[in-house]
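Examination of the molecular architecture
Take a look at the letters that make up each chain.
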Amino acid sequence: MYRILSPKISQKIMKSIFWISGLITIFILLIIIGYIILKGLPVINLEFLFSDPIDSGKAGGIFPMIISTAYVTLIALLVATPLGVGAAVYLAEYAGEGRLVAAIRFGAETLSSIPSIIFGLFGLAFFVIYLDMGWSVLSGGLTLALMALPTILAASEVSVESVNKSYSEGSLALGATKWQTVYQVIVPAAMPGITTGIILGMGRAIAEAAAILYTVGAALAIPISLMDPARPLPLHLYILATEGISLDNAYGTAAVLVIIILIITVVTNTLVDRYTKKMMGR
Amino acid sequence: MDYRIEVEDLNVYFDELHILKDVSLKIRKNMVTALIGPSGCGKSTFIRTLNRMNDLIDTFKMDGTVLLDREDIYDPKVDVVELRKRVGMVFQKPNPFPKSVFDNVAYGLKVHGESDKDVLNEKVEESLKAAALWDEVKEKLDKSAMGLSGGQQQRLCIARTIAVEPEVILMDEPCSALDPISTTKIEDLIHRLKKDYTIIIVTHNMQQATRVSKHTAFFLHGEIIESGPTDKIFIEPCDKRTEDYITGRFG
């Protein structure tokens, strides 16, 4: 067969293309994060982090927004994690193949491709109005839970599914029940993947503005009860920028959000790494 | 003679596939029985019938009787969990849990309700000693079992099995993934365990069968062609096919 390129040369070319693709990806990431942080850093100081906004955010800090973010994200994860992991264990370990399973899987996939603004509208209609929760951290947190759920479910299911089948055989052969096997062998072995799923879900929830736009209100005060309205960081950022209140503070808010996400990601990755090493004896 | 297990006219099907055909075999107490035969002849399916691991496969169907201490293990009243406690299993590939050495051995005890720390410590040490592994792991009981060598992992799996004090230990080619030195250690271990346990070992290694077992059954195409004392099977088999197999003419 006639070849334009020798295998050796085509190998080299393809390797360089992959290398360059990787490099560009990292470069884009660094540019975005670097840009936000550089633009935001000048306004970030202890006062900005720990004081209330003044004049709708033109001046002052973002302390209530940080608290609001923590609040809604926590609610979202507290609701979505047990549901998502539970459904994943059911699908991977108990369900087998059937119509119900196919329906659940289809539902989860569809859910994860629905635009976040639709979740916002649904949250408004269902939580805020129908269940009469009003604009509150609870309505916002539950709306975010719906968004995080399919992400947590999908990642957990893959991870539970990929646990070595020989572990469960070993456990069952010792006379353990199915539930003991799931709870004490399979889930611990799948924990790194499940944690990654929870962090991905959190990433979706923590940075979301559209889904909470109609559900959480836009209060500037620190939310105390579940029924208080709030203004998480992404929403604050959105309002500061679109209403032309303060672009500098918008960048500051964005930078704080990015840094929080970076810290959470790095810390969980380190913990997951350590857990995996301990578990696998490396 | 006391029999631990009596299998009569056992037929096993997976869907339409007829895997075991009218298999009958009696297995004596506290003795090693080797099952030999070419790949795909039904040896593994046979031992998995003895602890009902085949139940996990949806398409599994069987008829015939399997008695353990004179009780039918396929009786609807039988608790499978209790049965598997009495009939332990060691798999072809060492499959320790991704947990510490200690937790691997303590696992079976814990799932059967033991929670007393002192009892667990004592039983874990006892089982590891019985599996000839204690000296190698006593310093690293809290380290992951995944860090052990293949041979150590397999002895850990044996320790894990004997910790729940079964009557029978099924071994499905326990040495096929191990090097010769580890294999020797497992075989020595089998010799020491046979006085307390009834052991059934599937092996592809003829020498291994002669070294460890007192009785041998030869499987071919889902049937037992011949069974009896290992010496007799290997020195003067009755059936031509047995002779062909053990002399390496096929398989």
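Calculation criteria
- Residues numbered from 1 in each chain as written.
- Chains lettered and ligands numbered in written order.
- Predicted model: local features only at pLDDT ≥ 70, side-chain atom pairs only at ≥ 80, totals over all residues.
- Heavy atoms only, no water.
- Helix = DSSP H or I, 4+ residues; strand = E, 2+ residues; numbered from the N terminus.
- Buried < 20%, exposed > 50% of the residue type's maximum accessible area, 1.4 Å probe, protein only.
- Contact = heavy atoms within 4.5 Å.
- Areas by Shrake-Rupley, 256 points an atom, 1.4 Å probe, with all protein chains shown as cover.
- Lys, Arg positive; Asp, Glu negative; His and termini not counted.
- Charge placed at Lys NZ, Arg CZ, Asp CG, Glu CD.
- Salt bridge = Lys/Arg side-chain N within 4 Å of Asp/Glu carboxyl O.
- Buried area = accessible area lost by both parts, 1.4 Å probe.
- Pairing = 2+ DSSP bridges.
- Axes fitted to C-alpha atoms, helices over the stretch in contact; angles between N-to-C directions.
- pLDDT = per-residue confidence, 0-100.
- Right-handed = clockwise from strand over helix to strand, strands pointing away.

Each helix and strand in chain A was counted, giving eleven helices and two strands. Mapped from its N terminus to its C terminus, chain A presents α and β elements in the order α-α-β-β-α-α-α-α-α-α-α-α-α. By principal-axis analysis of the C-alpha atoms, chain A measures approximately 65 × 55 × 40 Å. Evaluated residue by residue, chain A yields a buried proportion of 41% over its 282 residues. Within chain A, contacts between residues at least 6 apart in sequence are counted, and of these 73% link residues at least 24 apart. Here chain A has roughly 15,000 Å² of accessible surface; of this, 72% comes from carbon and sulfur atoms. Of the charged side chains in chain A, 16 are positive and 15 negative; the average position of the first set lies 18 Å away from that of the second.

This part takes up the pattern of salt bridges. Applying the stated criterion across every chain, the model contains 19 salt bridges over all chains. Here K178 of chain A makes a salt bridge to E93 of chain A, at a shortest N to O gap of 3.2 Å. Here E93 of chain A lies in helix α3 (residues 63–94) and K178 of chain A lies in helix α8 (residues 178–206), a separation of 85 residues in the sequence. Of the residues examined, K178 of chain A reaches a relative accessible area of 34% and is grouped as partly exposed. A network of salt bridges, in which partner residues are shared, links R4, D69, R86 and E167 of chain B.

With that out of the way, let us pick up the interface of chain B and chain A. On the side of chain A, 20 residues touch chain B, which itself brings 27 residues to the contact. Counting each side, the surface lost to burial between chain B and chain A is near 1,900 Å², with a carbon and sulfur contribution of 61%. Among the residues chain B hides against chain A, the three largest losses belong to P98, Y107 and V111 of chain B. Together they make up 28% of the total. Taken together, chain B and chain A are joined by one salt bridge.

What follows covers the sheet that holds strand β5 (residues 71–72) of chain B. Residues and elements named next belong to chain B. The strand order across the open sheet formed by four strands is β2-β1-β4-β5, and the pairing between neighbours is antiparallel. Both edges of this open sheet fall to β2 (17–28) and β5, since each of them pairs with a single strand only. The strands touched by helix α1 (residues 43–50) are β1 (3–14), β2 and β4 (60–68); relative to β1, the strand with the most contacts, the crossing angle is about 120 degrees.

Now for the confidence of the model for chain B. In this model, chain B carries a mean pLDDT of 91, and residues with pLDDT of at least 70 account for 99%. We note a pTM of 0.84 for the whole complex and an ipTM of 0.91 for its interfaces.

Another aspect to go through is unusual backbone geometry. With the exception of glycine, most residues fall at negative phi, and the peptide bonds are largely trans. All names here are of chain B. Despite not being glycine, D22 shows a phi value in the positive range, around 45 degrees. Its place among the elements puts D22 in strand β2. By relative accessible area, which is 52% here, D22 ends up exposed. A positive phi angle, close to 75 degrees, is found at R70, a residue other than glycine. Examined against the element boundaries, R70 turns out to sit in the loop between β4 and β5.

Residues and elements named next belong to chain B. Within strand β8 (residues 198–202), five of the five residues are buried, leaving the element largely enclosed by the surrounding structure. Judged by which residues are buried, β8 turns out to be covered on both faces: T198, I200 and V202 on one side and I199 and I201 on the other are all buried. Sheet analysis places strand β3 (residues 32–36) next to β8, joined by four bridges and oriented parallel. Residue pairing across strands places A34 opposite I201, the latter belonging to β8. Relative to β8, strand β7 (residues 168–172) runs parallel, the two sharing five bridges. In the sheet register, V168 faces β8, and the bridge partner there is T198. Regarding the hand of the β-α-β motif, the stretch spanning β7, helix α7 (residues 180–193) and β8 is right-handed.

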